[in-house]
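Read off the chains here:
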Amino acid sequence: MAISLDQVRKLALMARLELSDDELGTITPQLEDIVAFVDKLMELDTDGIEPMVHAVETVNRWVPDQLGDSLSREQALANAPNHDEECFLVPPVMG
Amino acid sequence: MTIPLDSAAKLLGLLASGELTARQATQASLDRIAATDPEVGAFTFVNTEAALAAADSIDQRRRDGQPLGALAGVPIAVKDVLCTTDMPTTCSSRMLEKHMSPYDATVVARLRAADAVIVGKTNMDEFAMGASTETSAFGKTTNPWNPSLTPGGSSGGAAACVAAGDVPLSLGSDTGGSIRQPAAFCGITGLKPTYGRVSRYGLIAFASSLDQVGPMAFDAVDCATLLNAIAGVDASDSTSLPVETPDFTAGLDRIEGELRIGIVKHHLEAEGLDPEVRQAVDDAIEVFRDAGAKIVEVELPHSDYWVPTYYVIAPSEASSNLSRYDGAHYGHRSPVAASEAGDRGPLVATYCRSRGEAFGAEVKRRIMIGMYALSAGYGDKYYVKALQVRRLIRQDFDSAFQNVDLLLGPVTPTPPFAMGEKIDDPLQMYLCDLFTVGANLAGIPALSMPGGLTSNNLPIGIQLQAPPLQEAKLLQAAAAFQRATDWHTKRPL
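Below, the structure is looked at part by part. Treat the numbers as computed from the prediction; the structure is a model and nothing was measured.

### Concerning the overall build of chain A
A tally of helices and strands in chain A yields three helices and zero strands. N-terminal to C-terminal, the α/β element order of chain A is α-α-α. On C-alpha atoms alone, chain A measures out to a radius of gyration of 22 Å, which is more than a quarter above the 12 Å that the 2.2 N^0.38 rule sets for 95 residues. A principal-axis box enclosing the C-alpha atoms of chain A has dimensions of 55 × 45 × 20 Å. Counting the 95 residues in chain A, one finds 26% classified as buried. Of the contacts formed within chain A by residues at least 6 apart in sequence, a portion of 20% connects residues at least 24 apart. About 6700 Å² of surface is accessible on chain A, with carbon and sulfur atoms providing 53% of the total.

Shown next, in the form of structure tokens:
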């Protein structure tokens with residue numbers, strides 16, 4: 001199945017990945033090959049088969065609603081690329 | 001005295017008898033790393049001072065007669081996908097190049113509680129995506145058996161540091177074969193436990209429903225000792241199993257009852273299976289037959305669909321898990337001038353550039369596959385379909401295990417391959433997981449053990465798989481095989 005360069009550009013934006021023209025040129029045919037490969041799944045009739053999301057099919061595990069330790073503000077900010085004493089600092093959402 | 005860095009059991013004996021101190025064992029490990037790592041490149045970080053301080057503390061407590069943990073004084077390395085407070089946790093990615101975790105992974109905390117000495121973090125394919133440890137941002141790891149070959153992946157560093165004789169034990173992680181395939185390529189023993197047997201808290205997620213931490217060592221006995229230290233329910237991981245943890249080292253000197261071993265003929269006739277790998281599997285069948293096991297042919301009718309199913313589910317989960325790397329809270333952030341932001345706005349432009357700069361080609365490829373498989377119009381076609389096939393695959397295993405205790409077969413289609421041989425051909429790289437991904441999709445335990453050498457003196461692995469929570473049976477069978485053969489004692493020349 002053909003995947004267009006425009007489709008790949010759109011996917012890259014959805015994935016929040018800036019890809020160079022070279023990368024787009026490489027990845028587009030690779031995506032086509034991989035999609036063609038996984039299309040093998042379409043050979044199987046899976047009507048009525050319950051999807052298996054997880055290897056351990058647990059229902060909710062509950063924990064007591066008790067106050068516990070959590071990261072300190074200092075710890076939470078320690079790996080931030082930019083922060084002040086209280087908050088993560090990020091570029092503005094709007095230009 | 002030669003310090004036996006190839007056996008945790010021997011080290012523990014010498015440490016307990018006082019013939020060896022933890023400092024001596026640790027120093028020997030550090031010296032060996034200094035000698036081998038310039039060529040092998042198994043480590044992303046060596047924690048010299050902290051390891052020696054931990055060893056001294058263990059020695060002092062031993063002198064004082066205080067109780068010590070089950071791994072007291074044994075040097076161990078952990079894959080750099082596991083969070084540690086005293087060493088960077090990078091996932092071999094520029095994205096997390098200097099990342100210091102504020103907490104230890106549960107398995108790391110359990111190693112510390114067992115008084116193991118953590119000497120360093122090991123190299124891996126970036127975010128555990130790869131089968132050759134060539135996608136690390138911090139340089140390739142080579143195979144100690146031959147530096148022109150890959151050690152396998154993604155736990156290539158964790159396997160290579162054991163094979164090189166740096167440490168007797170290491171921890172890897174296995175999402176589609178990432179413990180078993182490098183164990184096979186490096187001639188060691190590696191176990192992917194049942195999904196949920198070992199906590200994933202602090203294991204940086206690649207594909208959450210498939211990832212599992214597990215032990216790597218020269219033999220099954222050492223794997224069992226390490227599994228004892230890390231297994232068990234964890235309140236911090238809601239998917240860890242609330243089941244009893246047996247003593248995996250108990251009963252390794254015998255096999256209880258009649259052992260029925262299943263062979264999947266379809267796998268042994270697979271296109272691309274190397275004749276020497278096939279021969280090693282045939283030889284292993286004879287070893288078990290001679291030991292009294294009953295050999296039974298079984299079918300896994302959907303095994304041709306394992307790899308396509310995996311390459312929808314794993315990238316889908318990865319594209320979601322890796323969305324957390326946005327350069328806002330932690331990780332690499334690229335500056336973007338306001339004039340460059342365009343319609344996206346400065347924040348989204350920063351996300352896009354940061355991720356574009358810091359992720360490598362394989363990670364980007366898998367995010368894109370996952371984004372495609374989950375996108376509107378394709379979610380049902382690919383993702384839901386793959387989940388339905390996953391159930392058929394699990395049902396195949398359940399049916400097979402009604403007739404046999406274990407399955408035996410190849411780990412990899414080929415012996416170790418050359419650096420660069422598959423790196424530009426993603427589909428060829430993905431087919432390295434041909435025989436291993438089924439266990440991850442089904443959540444069952446699986447083990448790789450040395451089962452032969454090629455005519456070029458390269459290791460060949462044999463895989464055993466078992467029903468959920470039957471690690472003890474797997475380890476018993478592997479220990480029996482290792483009593484009957486000496487492949488696990490072979491070392492790189």
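### What about helix α17 (residues 471-484) of chain B?
Residues and elements named next belong to chain B. The terminal C-alpha atoms of α17, which comprises 14 residues, lie 20 Å apart, in line with the 20 Å expected from a rise of 1.5 Å per residue. Buried residues dominate α17, accounting for eleven of its 14 residues. Considered for burial, the residues of α17 that qualify are E471, K473, L474, L475, Q476, A477, A478, A479, A480, F481 and Q482.

### Focus: the sheet that holds strand β11 (residues 459-465) of chain B
Residue and element names in this part refer to chain B. Overall, mixed pairing links the eleven strands, which are arranged β1-β3-β2-β4-β6-β5-β10-β11-β9-β7-β8 in an open sheet. Both edges of this open sheet fall to β1 (43-46) and β8 (294-298), since each of them pairs with a single strand only. Averaged over all pairs of adjacent strands, the angle between strand axes in this sheet comes to 30 degrees, irrespective of strand direction. Sheet topology note: the strand β2 (residues 75-79)/strand β3 (residues 117-122) ladder contains five bridges and is parallel. When the bridges of β3 are listed, P75 appears paired with V117.

The rules we used
Residues numbered from 1 in each chain as written. Chains lettered and ligands numbered in written order. Predicted model: local features only at pLDDT ≥ 70, side-chain atom pairs only at ≥ 80, totals over all residues. Heavy atoms only, no water. Helix = DSSP H or I, 4+ residues; strand = E, 2+ residues; numbered from the N terminus. Rg over C-alpha atoms; globule rule 2.2 N^0.38 Å. Buried < 20%, exposed > 50% of the residue type's maximum accessible area, 1.4 Å probe, protein only. Contact = heavy atoms within 4.5 Å. Areas by Shrake-Rupley, 256 points an atom, 1.4 Å probe, with all protein chains shown as cover. Expected span 1.5 Å × (residues − 1). Pairing = 2+ DSSP bridges. Axes fitted to C-alpha atoms, helices over the stretch in contact; angles between N-to-C directions.

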